[in-house]
Amino acid sequence: SQSNTNTDLGNGTPRDDVVFPQHLQRELDKEARRQQLLPMFTMKKPMYDNIRMYDPAGTLLCTISKKKAHWYIRKQLAAWWEPPEENGKKKRNNTPSDDNDEPTSIQLLFEPNKSKPKKQERNSSDDPATSNNT
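A short tour of the structure in this document, coming up. Bear in mind that the values here come from a model prediction, so they are computed numbers and not experimental data.

Reading the values: rules and limits
- Residues numbered from 1 in each chain as written.
- Predicted model: local features only at pLDDT ≥ 70, side-chain atom pairs only at ≥ 80, totals over all residues.
- Heavy atoms only, no water.
- Helix = DSSP H or I, 4+ residues; strand = E, 2+ residues; numbered from the N terminus.
- Buried < 20%, exposed > 50% of the residue type's maximum accessible area, 1.4 Å probe, protein only.
- Areas by Shrake-Rupley, 256 points an atom, 1.4 Å probe, with all protein chains shown as cover.
- Pairing = 2+ DSSP bridges.
- Axes fitted to C-alpha atoms, helices over the stretch in contact; angles between N-to-C directions.
- Contact = heavy atoms within 4.5 Å.
- Salt bridge = Lys/Arg side-chain N within 4 Å of Asp/Glu carboxyl O.
- Core = buried A, V, L, I, M, F, W, Y, C linked by side-chain atoms within 4.5 Å.
- Expected span 1.5 Å × (residues − 1).
- Bend = angle between axes of the 7 residues up to and from the residue.
- Phe/Tyr/Trp six-rings, centres within 6.5 Å; stacked < 30°, edge-to-face > 60°.
- Lys NZ or Arg CZ within 6 Å of the ring centre and 35° of its normal.

### Structural notes on the overall build of the protein
- If you tally the helices and strands in the protein, you get 2 helices and 4 strands.
- Listing the helices and strands of the protein from first to last along the sequence gives α-β-β-α-β-β.
- Here the protein holds 134 residues, and 16% of them are scored as buried.
- Carbon and sulfur atoms make up 51% of the accessible area of the protein, which totals about 11600 Å².

### A look at the sheet that holds strand S1 (residues 51-54)
- Taken in spatial order, the 4 strands line up as S2-S1-S4-S3 in an open sheet, and their pairing is mixed. Each edge of the sheet is formed by a strand with only one pairing partner; in this case those strands are strand S2 (60-64) and strand S3 (78-80). Across the sheet, the mean angle from the axis of one strand to that of its neighbour is 25 degrees, orientation sign disregarded.
- Taken together, the 4 bridges between S1 and S2 define a ladder with antiparallel strand orientation. The residue bridging Arg52 from the neighbouring strand is Thr63, located in S2.
- The sheet contacts of helix H2 (residues 66-74) involve S1, S2, S3 and strand S4 (105-108), and relative to S3 the element is tilted by about 115 degrees.

### Some words on the pattern of salt bridges
- Taken as a whole and assessed by the stated rule, the structure comprises 2 salt bridges.
- We note a salt bridge from Glu27 to Lys30, for which the minimum N-O separation is 3.4 Å. One end of the pair is Glu27 and the other is Lys30, both in helix H1 (residues 22-41) and 3 residues apart, which spans about a single turn.
- Glu27 sits in the partly exposed class, given a relative accessible area of 46%.
- Looking at Lys30, the relative accessible area reads 45%, which means it is partly exposed.

### Some words on the nonpolar core
- Residues Ile51, Met53, Ile64, Ala69, Tyr72, Ala78, Ile106 and Leu108 constitute the largest nonpolar core, which totals 8 residues.
- Those residues in contact with Ala78 that lie beyond four places of it in its chain are Tyr72, Ile73, Ile106, Gln107, Leu108 and Leu109.

### Re unusual backbone geometry
- At Asn50, a position not held by glycine, the phi torsion is positive, near 60 degrees.
- Checked against the element boundaries, Asn50 lands in the loop between H1 and S1.
- On the basis of relative accessibility, which here comes to 29%, the residue Asn50 falls in the partly exposed class.
- A positive phi angle is found at Gln76, which is not glycine, with a value near 60 degrees.

### Re H1
- Under the 1.5 Å per step criterion, the end-to-end length of H1 is 28 Å for 20 residues, consistent within 8% with the ideal 28 Å.
- Of all the bends in H1, the greatest, near 30 degrees, is centred on Gln35, and the proline Pro39 appears no more than four residues after it.

### Quick look at the packing of aromatic side chains
- All chains considered together, the criterion is met by 2 aromatic pairs.
- It is Lys68 that lies over the ring of Trp71; its NZ or CZ is 5.0 Å from the centre.

Spelled out as structure tokens, the structure:
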């Protein structure tokens with residue numbers, strides 16, 4: 001059987017003189033277990049590296065991770081690239097400023113399949129499945 005005394009009220013001091021109802025004690029115990037496990041789940045590195053990917057024409061397609069960028073380079077599908085200056089100003093890097101000058105953009109060496117714009121409502125006379133031309 002579990003004791004209904006609280007061992008920590010959040011300020012780090014043990015309290016043996018306070019008794020909580022069982023449902024509240026369960027919540028306190030759950031929170032204590034969560035706090036113990038929290039260091040195992042914290043991220044060790046940034047989630048996003050914000051490496052910009054451009055098509056051969058220089059149009060920004062998306063941002064990807066460093067790992068994915070290196071994959072494109074290794075497969076010779078892309079090359080490290082510095083985007084052209086815009087309005088006489090150099091583009092700002094999206095990565096936090098640090099001592100390494102690693103490139104933050106790649107340019108694809110092939111023309112990617114871009115999503116085609118969806119057609120508006122199709123005209124029934126243009127649709128061969130619905131036309132009665134026999």
